Amino acid sequence: MDKFNSYEQCNNYYQTILDNISGGMQIAQMIYNDQGEPIDYMFLDVNSVFAEIMGLHREEIIGKKVLDFFPDTEPEWFIKYGEILKRNKSETFEMFNVSTGCWYNVLSVPLGENKFAIVGTDVTESKEMEEKLHNSVERNDFLLKLSDILRPIVDPFEIHARVTSIVKDYLGSDRCYYCEIEDDSAIIRQDAASGDLPSVVGEYPLSSLPIHMDLVNSGKPFMVTDVKTTDIVDEELRQLCILMKVISYLDVPVIKNGKAVGILCIVQSVPRNWTDSEAELAVEIAERIWAAVERAKAEEALRESEEKYRTIFETAQEGIWVIDGNNQTVLVNEKLQEMLGYSFDEMVGQLPHMYMALEFLDLANERLAEVMKGKKQLLDYRFIKKDGSDLWCILSSTPLFDKNGKYDGSVAMITDITNRKKIETEKDHYMKIAEEKANWLQSIMDLVPVGIWISDHNGKVIMVNQEAVNMYRGSSPLSGSLEEYTSYKLFLPGTNEPVAFEQYVPKEALIGVVLDFERFDGTMGTLVASTELLRNKDGDIINYMATAIDITPLRRTEMALRESEKKANMLVAELEKADKNKNEFISVLSHELRNPLAAVTMGLDMLKMTEDGGEHSKKVLDMIRRQIEQLSRLIDDLLEVTRINQGKIELKKELVDLNLLTNNVLKDYQAQYEAKGIEIETALCLEPIFIEADPTRLNQIIGNLLHNAVKFTPNGGKIRVVIDKDEEKHQAIISIQDNGEGILPEFLPDLFKSFSQADKTLDRSRGGLGLGLAIVSGIVELHGGSVEAFSEGLGKGTKFTVRLPIVEKEIEENPSCGNMEDLLNKSLKILVIEDNKDLAQITCELLVFLGHKAIATHTGSEGILKSRELRPDVIISDIGLPDMSGYEVGMEIRKLAELKDIIMIAMSGYAQPEDIRRSKEAGFDIHLGKPVGIDTLKMTLDKFFQ
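Source: prediction; values computed, not measured.

A. Spatial organisation of the pairing of strand S21 (residues 513-518). Relative to S21, strand S19 (residues 490-492) runs antiparallel, the two being bridged by 2 bridges. Bridged to Phe491 within S21 is Asp516. Pairing between S21 and strand S22 (residues 524-535): 6 bridges, direction antiparallel. Within S22, the residue paired with Leu515 across the bridge is Leu527.

And the structure:
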């Protein structure tokens, strides 16, 4: 029994080890033919990983042969394993399996008696990555060589000649040329061609080639394998290409500021299949040609203007000081030499710090560090002139950077303010004396237990004591303006009527005036004020003094009593009104419920008296169905308004295009207004209006208002629907106006209250419980918006206006990201991080369909590594990932300097407000709740890049 247990235990160990090997493992026995050649092998055992790869159970594999599953297996595999058995030595190797289309890393271990173990790992993806890396290195070497060639060339004509010749030879094409686009002309200055191909140098009118220009203006490379068979060119262009032996070509347009400025053309005189890698390389070459030509033009213009700017430099009326990246002087103008008393030769090569006063050296070092970071500086400095005297100046410093963005020095403008500093020093001395006397007066005033204010002859308050501060619970800013004085808000007692400034500053003194006042914290009080005129020795008024005693506690009891009486009267009125509304609602509810119930009861009686299945029975059943639906709607409205009042409505917000949603709602209600012959006039906004809202609830808002308009508009009437936005208040506006019955002014204040209706007649021809507008108001408020109604009276129609906040998020401009317009004119590189492989694949396919480049990873750590390697324009990430959360992924990516400014979009099934808040804190720019359709995906990308 112990031996049996030991065998079982060993077998369990063996199986556990087998199943925990990371690769697929097989235990096999070789099968030989009569000549002793290995021709197949049999599975003796496999681990769970290999079984999962095969998609079978272990029992379905063991005992079978390889050729049973893979009849196309190459003989080389069996020969390789046979050699390992023959040598009886383990071996690791890589081989490509044609039958599976994959590369494998294989470890084969002989076990004796023609048995061997195989551990195989699929390395196809890494092999493909190696191939791509090799191509990328080769392409980068070529581009580096091209840059080295272009760098010293200053003639645009020579740039065209050298590049086109090099590109033609590198790609093995028959012809290569670059044409510049100016107005309506394409100008070819140089043509690198093989053999006897005719030259294409010249100027060509683009208006004669409309199809070609459409392709160019798309901004994307276009490839023609064979011009004789392609359908993307018209017959005129086809014949022109054949005449010039342009049979196959790759054209790359260069787009700047939304306009085509050039085209790189690579031509073959015979059909050729162009690859995507060739197209990508051509795009890079085209951009470099354009940049090199623009640089050459700019250098020529710079040479022409250099002499003009040198004259300006030398004749400037301010000192100009230029230092290099080592903070050494390289250039000073004559004005600065005159200001400091040193010659040009004495200053060149010296540090500016040598001329500064000692107390400014630390500050100068701090400011220099800021300038090196790219920040301009404007500060006062004291320099020591050659004769030992002071030179006070304003120093305005601007940083300089080389073409690689490295700090390369700075330019400083020096303005002499020595005389101004002398005047300021004297002024400071006298101001200090005045300040001491003011402090003595302030200390005396603070000892007085009465509020004191002193103002000048213009009414501007210049001093207050501590008791005044305590009374107003804070001090006025004493800004020196008339408006500051009036910030001490005073009112006639018990009237809330403001005391005007002209009335409050008297010609004569006032004694014991009772006034109400508003404190700076918004609370109210009451005071007793007195004023006194302060005169100089000549009797002229120079200041006013006001004193006040806070008597708020004495008035509080009186005010509380009056407020209590007022509230009691209001409560009685509200109770009377509520009782009246309750009685009216019970009457309306009874009427609305009894009507459909009566119809259903009579319909059932009718069914008893008619034959089953007859036409009459069908009509009765239809009537019963309609009445039951009416009852359901009444009950739904009651439950809806109850949920709103109890705060149980939970919004599922997402980014919504208000124009698109309104159009869809109008289609839903088309049958209603067509049935009454009502004309619907729409005026949607000329541009998309995006709001963050629950689309179902927003549909309900617009639907209820449309239903209300149709109900109260007569046959043949008119309804106008307008979508607009208020730029100043950042609000979207939905306006629905009819020319129907209108509303009396006295009904407007209660129009959005539950159970309130303007139609209070006994016949109640319109029906309903008066809940539709209450539901609209509640949902609008949940979205942070407002709704209002307007009518000039009966017969003059009604207008409902809904205001909702517009989504406000601007993409911050980041110089490291390049020109945003360049992003708009090429496809985006997008990285998708999603553990559901099917969803990741379909998301990438949708993005490619939209014209972008997309690649997917399935864990957070893989996503971070891939983002550093790929440097995408956009990252779309799931939140629930297997190894780390999407929030952690976002925070790690934002820490990377090269990635901190890319666009990140969270796309997750977690879409509650807390999830959205956490994604924003983690660095995501927007949060989309799954599922996400292609329209939402496109709209989101357009929002960031247009």
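B. Structural view of the sheet that holds strand S9 (residues 222-224). Sheet architecture is open: 6 strands sit in the order S8-S7-S6-S11-S10-S9, paired in antiparallel fashion. For this open sheet the edge positions go to strand S8 (202-205) and S9, each flanked by a neighbour on one side alone. For this sheet, the mean inter-axis angle between neighbouring strands, taken without regard to orientation, is 20°. Here strand S6 (residues 175-182) runs beside strand S7 (residues 185-193); their pairing, made up of 7 bridges, is antiparallel. The partner of Ile181 across the bridge, within S7, is Ala186. Against the sheet, helix H7 (residues 156-171) contacts S6, S7 and strand S11 (259-268), and its axis sits at roughly 55° relative to S7.

C. Structural detail: the side chain of Ser248. Within the secondary structure layout, Ser248 lies in strand S10 (residues 248-256). Within the local environment of Ser248, its side chain forms a polar contact with the backbone oxygen of Thr225, the two atoms lying 3.0 Å apart. Of note is the side chain of Ser248, whose polar atom sits 3.1 Å from the backbone oxygen of Arg272. Setting aside anything within four residues of it in sequence, one finds Ser248 in contact with Val224, Thr225, Ile266, Val267, Gln268, Val270, Pro271, Arg272 and Trp274.

D. Fine view of the packing of helix H22 (residues 695-712) against helix H23 (residues 772-782). With their axes 9 Å apart at the nearest point, H22 and H23 run at an angle of 145° to one another. H23 is crossed by H22, and the crossing has left-handed handedness. Residues Arg697, Gln700, Ile701, Asn704 and Leu705 of H22 touch H23, and the partners they reach there are Gly772, Leu773, Ile775, Val776, Ile779 and Val780. Tallied by class, the residues present in the contact of H22 with H23 amount to 7 nonpolar, 3 polar and 1 charged.

E. Molecular detail of the sheet that holds S19. Read from one edge to the other, the open sheet built from 7 strands follows the order S18-S17-S23-S22-S21-S19-S20, with strand pairing classed as antiparallel. Because the sheet does not close on itself, it has two edges, and the strands there are strand S18 (461-464) and strand S20 (497-498). In this structure, strand S17 (residues 451-456) lies alongside strand S23 (residues 541-550), joined through 6 bridges in antiparallel fashion. Directly across from Gly451, in S23, lies its bridge partner Ala548.

F. Structural context of the packing of aromatic side chains. Taken as a whole, this structure holds 20 aromatic pairs when the rule is applied. Seen in terms of ring centroids, Phe360 and Trp392 are 5.7 Å apart; in terms of plane orientation they differ by 80°. Their pairing is edge-to-face. With a gap of 32 residues between them, Phe360 in the loop between helix H12 (344-347) and helix H13 (361-372) and Trp392 in strand S15 (residues 390-401) connect regions that are remote in the sequence. Its relative accessible area of 11% is what places Phe360 among the buried residues. Three or more aromatic residues joined by ring pairs form one cluster here, namely Tyr41, Phe43, Phe50, Phe69, Trp77, Phe78, Tyr81, Phe93 and Phe116. The lysine or arginine in question, Lys421, covers the ring of Trp392, its NZ or CZ lying 4.6 Å from the ring centre.

G. Just helix H25 (residues 837-849), in detail. Helix length check: H25 (13 residues) gives 18 Å between terminal C-alpha atoms against 18 Å at 1.5 Å per residue, within 8%. For H25, the complete set of buried residues consists of Ala840, Thr843, Cys844 and Leu847. Taken end-on, H25 shows its buried residues confined to a sector of 100°, consistent with a single buried face. Exposed side of H25, more than 90 degrees from the buried face: Asp838 and Phe849 are the residues found there. Looking at the packing, one finds that the buried side of H25 touches strand S31 (829-833), strand S32 (853-857), strand S33 (874-877), strand S34 (903-908) and helix H29 (934-945). Gly851 sits one or two positions beyond H25 and adopts a positive phi of about 100°.

H. Highlighting the pairing of S23. Pairing analysis gives 9 bridges linking S22 to S23, with the strands arranged antiparallel. When the bridges of S23 are listed, Leu527 appears paired with Asp550. Between the antiparallel neighbours S22 and S23 lie 5 residues, among them Gly539 with a positive phi of about 90°.

I. Layout of a negative patch on the surface. Taken together, the side chains of Asp122, Glu125, Glu862, Asp883 and Glu888 define an acidic patch exposed on the protein surface. With respect to the helices, strands and loops of the structure, Asp883 is situated in the loop between S33 and helix H27 (886-895). Taking relative accessible area as the criterion, Asp883 reaches 39% and is therefore assigned partly exposed.

The rules behind these values
Position numbers for residues start from 1 in each chain and track the written sequence from start to end. Where local features are concerned, this predicted model is filtered to residues with pLDDT of at least 70; where side-chain atom pairs are given and counted, the filter is 80 or more; whole-chain, interface and lining totals use all residues. Only hydrogens and water are set aside when side-chain values are computed; all heavy atoms of the structure are taken into account. When DSSP finds two or more bridges between a pair of strands, those strands are recorded as paired. The way it works is that DSSP assigns letters per residue, a run of H or I at least four long becomes a helix, a run of E at least two long becomes a strand, and they are numbered from the N terminus. Axis geometry follows a simple rule: fit a line to the C-alpha atoms, using only the stretch in contact for helices, then measure angles between N-to-C directions, giving values from 0 to 180 degrees. We call two residues contacting when some pair of their heavy atoms lies within 4.5 Å. Polar contact is defined as a pair of N or O atoms within 3.5 Å, subject to the rule that within protein one atom must be able to donate a hydrogen and the other to accept it, and that residues adjacent in sequence are counted only when both atoms are side-chain atoms. If you view the pair so one helix is near and one far, a crossing is left-handed when the near helix is turned anticlockwise from the far one by less than a right angle, and right-handed when it is turned clockwise. In this classification, Asp, Glu, Lys and Arg are treated as charged, Ala, Val, Leu, Ile, Met, Phe, Trp, Tyr, Cys and Pro as nonpolar, and every other residue, Gly included, as polar. Ring pairs shown here join Phe, Tyr and Trp side chains whose ring centres sit within 6.5 Å, with only the six-membered ring taken for Trp; geometry is labelled stacked below 30 degrees between planes, edge-to-face above 60, and tilted in between. With a 1.4 Å probe rolled over the protein chains alone, any residue whose accessible area is under 20% of its type maximum counts as buried; one over 50% counts as exposed, and the rest are partly exposed. Cation placement over rings: the criterion is NZ of Lys or CZ of Arg within 6 Å of the ring centroid and within 35° of the ring normal. In this scheme, a helix's expected span is set at 1.5 Å multiplied by one less than its residue total. The directions from the helix axis to the C-beta atoms form the arc being described. Patches in this entry comprise residues that are over 30% relatively accessible and not in a salt bridge; like charges within 9 Å are linked, as are nonpolar side chains (Val, Leu, Ile, Met, Phe, Trp, Tyr) within 5 Å. Accessible surface is estimated by sampling points in the Shrake-Rupley manner with a 1.4 Å probe; for residues, cover comes only from the protein chains shown. We count a salt bridge whenever a side-chain nitrogen from Lys or Arg sits within 4 Å of a carboxyl oxygen from Asp or Glu. Counting rule for charge: Lys and Arg are taken as positive, Asp and Glu as negative, and neither His nor the chain ends is counted. By convention, the point assigned to a charge is CZ for Arg, NZ for Lys, CD for Glu and CG for Asp.

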